[in-house]
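Okay, here's what each chain looks like letter by letter:
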Amino acid sequence: MKKKIVVITGGPGTGKTTIIDKLIDKGYTCLPEISRQITLEAQKQGIEQLFLEKPLLFSELLLEGRKKQFIEANSIHSDIVFIDRGIPDILAYMHYIGDSYPSFFDQACRENQYQKVFILPPWEEIYESDEARYENFEQAQLIYEHLNETYKNYGYELTEVPKGTLEERIDFIFAELK
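What you see is a predicted model; the values in this text were computed from it and never measured. Here the residue numbering is sequential within each chain, running from 1 through the sequence in written order. Residue-level local features of this predicted model are given only where pLDDT is at least 70; pairs of side-chain atoms are given and counted only at 80 or more, and the full residue set underlies all totals for whole chains, interfaces and linings. Each side-chain value is derived from all of the structure's non-hydrogen atoms; neither hydrogens nor water enter the calculation.

Peer 1: Hey, could you go over the packing of helix α1 (residues 16-25) against helix α8 (residues 166-177) for me, with residue numbers and the actual values?
Peer 2: Lines fitted to the C-alpha atoms define the axes, with helices restricted to the stretch that makes contact. Angles between their N-to-C directions range from 0 to 180 degrees. In DSSP terms, a helix is any run of H or I states spanning at least four residues, a strand is any run of E spanning at least two, and both are numbered starting from the N terminus. Interhelical geometry of α1 versus α8 gives an angle of 75° and a closest axis separation of 10 Å. The angle between α1 and α8 places the two elements in the roughly perpendicular class. Where α1 approaches α8, its residues Thr18, Ile19, Lys22 and Leu23 are matched on the opposing element by Leu166, Glu167, Arg169, Ile170, Ile173 and Phe174. In terms of residue class, the contact of α1 with α8 is built from six nonpolar, one polar and three charged. Here the word oblique covers every angle except those under 35 degrees (roughly parallel), over 145 (roughly antiparallel) and from 65 to 115 (roughly perpendicular). Contacts are assigned to residue pairs that have any heavy atoms within 4.5 Å of one another. Three classes are used, and their members are as follows: Ala, Val, Leu, Ile, Met, Phe, Trp, Tyr, Cys and Pro are nonpolar, Asp, Glu, Lys and Arg are charged, and the others, Gly among them, are polar.

Below, the structure written as structure tokens:
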């Protein structure tokens, strides 16, 4: 079986990390979302929201981290590796805020291709803001639209994971991977 690098994406507060955490509990190989690490590191240096204050710097740090994750995913001896967000997410967020970016961002999306992308739709009933998630629900919906558009621009056929219990969502993902 050819290795599958599978991205779980969606706007903020859609349950991505909850799914990834449950997959880890079940023994699957997963790579976590790294944007919170970058945000927390910047906060230690006195920058409250690096993405809002220096979006290009934040995005460059994120791009480096996600490229490393892609390389790591390819080196792991596992048939399936799940990743919480992919490289095109970075561009989707840049589109969302209306910022431009250097061409190497586009190049990274073209050079690091995932085998499958699952997208989680906005879900107001489970949406919560926190110290790293500053967007409101309406903004989360806009980000979802940008994610859809950006991934499709890179030739991905996204599979939307329906709302449901955690187990139902995971069962859906595995049914689609077969």
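Peer 1: An account of the side chain of Thr159 is needed here, citing residue identities and associated values.
Peer 2: Relative to the helices and strands, Thr159 resides in strand β5 (residues 158-160). Nitrogen and oxygen atoms within 3.5 Å of one another constitute a polar contact, given that in protein one can donate a hydrogen and the other can accept it, and given that sequence-neighbouring residues count only through two side-chain atoms. Within polar-contact distance, the side chain of Thr159 engages the side chain of Lys116 at 2.8 Å. Other than its neighbours up to four places away in sequence, Thr159 contacts Lys116, Val117, Phe118, Ile119, Phe172 and Glu176.

Peer 1: Report on the environment of Arg66, specifying residues and quantitative values.
Peer 2: Relative to the helices and strands, Arg66 resides in helix α4 (residues 55-75). The sequence separation of Arg66 and Glu41 amounts to 25 residues, and the corresponding C-alpha distance is 16 Å. Leave out the neighbours within four places in its chain, and Arg66 touches Glu33, Ile34, Arg85, Gly86, Ile87, Asp89 and Ile90. Of note is the side chain of Arg66, whose polar atom sits 2.8 Å from the side chain of Glu33.

Peer 1: Give me the nonpolar core: which residues, what numbers.
Peer 2: Among the nonpolar cores identified, the biggest contains 35 residues, and Tyr114, Val117, Tyr151 and Tyr156 are the most heavily contacted of them. Val117 has contacts with Val7, Thr9, Tyr151, Tyr156, Glu157, Leu158 and Thr159, leaving out every residue within four places of it along the chain. Of all hydrophobic cores here, the second largest spans 15 residues; its members include Cys30, Phe82, Val161 and Phe174. In these notes, a set of buried Ala, Val, Leu, Ile, Met, Phe, Trp, Tyr and Cys residues joined through side-chain atoms within 4.5 Å is what counts as a nonpolar core. Throughout, exposure labels follow a simple rule: accessible area from a 1.4 Å probe, protein chains only, divided by the maximum for the residue type, with under 20% read as buried, over 50% as exposed, and the rest as partly exposed.

Peer 1: Describe the sheet that holds strand β2 (residues 29-31), listing the residues and the values that go with them.
Peer 2: Two strands are counted as paired when DSSP detects at least two bridges linking them. Taken in spatial order, the five strands make up an open sheet running β2-β3-β1-β4-β5, and their pairing is parallel. Looking at the sheet topology across the chains shown, the edges are occupied by β2 and β5. Strand-to-strand twist in this sheet, taken as the mean axis angle between neighbours without regard to direction, amounts to 25°. Pairing analysis gives five bridges linking strand β1 (residues 4-10) to strand β4 (residues 116-120), with the strands arranged parallel.

Peer 1: Which residues make up helix α6 (residues 103-111), and what values go with them?
Peer 2: All of the buried residues along α6 are Phe105, Ala108 and Cys109. The arc that holds the buried residues of α6, viewed along the axis, is 100°, so those residues lie on one side. Within α6, the exposed residues directed more than 90 degrees away from the buried face are Ser103, Arg110 and Glu111. Where α6 is buried, its residues meet α4 and α5 (87-97). Comment: arc refers to directions from the helix axis out to C-beta atoms.

Peer 1: I'd like a rundown of the pattern of salt bridges, residues and numbers included.
Peer 2: Salt bridge, as used here: a side-chain nitrogen of Lys or Arg that lies within 4 Å of a carboxyl oxygen of Asp or Glu. Per the stated rule, a full pass over the model turns up eight salt bridges. Put simply, Glu64 and Lys67 hold a salt bridge, and the shortest N to O gap is 3.6 Å. Of this pair, Glu64 and Lys67 both sit in helix α4, three residues apart, which is roughly one turn of that helix. For Glu64, a relative accessible area of 39% translates into the label partly exposed. Linked by salt bridges that have partners in common, Glu33, Arg66, Arg85 and Asp89 make up one network.

Peer 1: So what's going on with the environment of Ile19? Residues and values would help.
Peer 2: Within the secondary structure, Ile19 is located in helix α1. Leave out the neighbours within four places in its chain, and Ile19 touches Ile8, Leu120, Leu166, Arg169, Ile170 and Ile173.

Peer 1: Pulling in residues and values, what's your account of α5?
Peer 2: Counting along an α-helix, one turn takes 3.6 residues, and residues three or four places apart therefore face a common direction. In terms of burial, α5 is largely enclosed, as nine of its eleven residues are buried. Along α5, the positions that sit buried rather than exposed are Ile87, Pro88, Asp89, Ile90, Leu91, Ala92, Tyr93, Met94 and Tyr96. Two residues or fewer past α5, Gly98 is found with a positive phi of approximately 80°.

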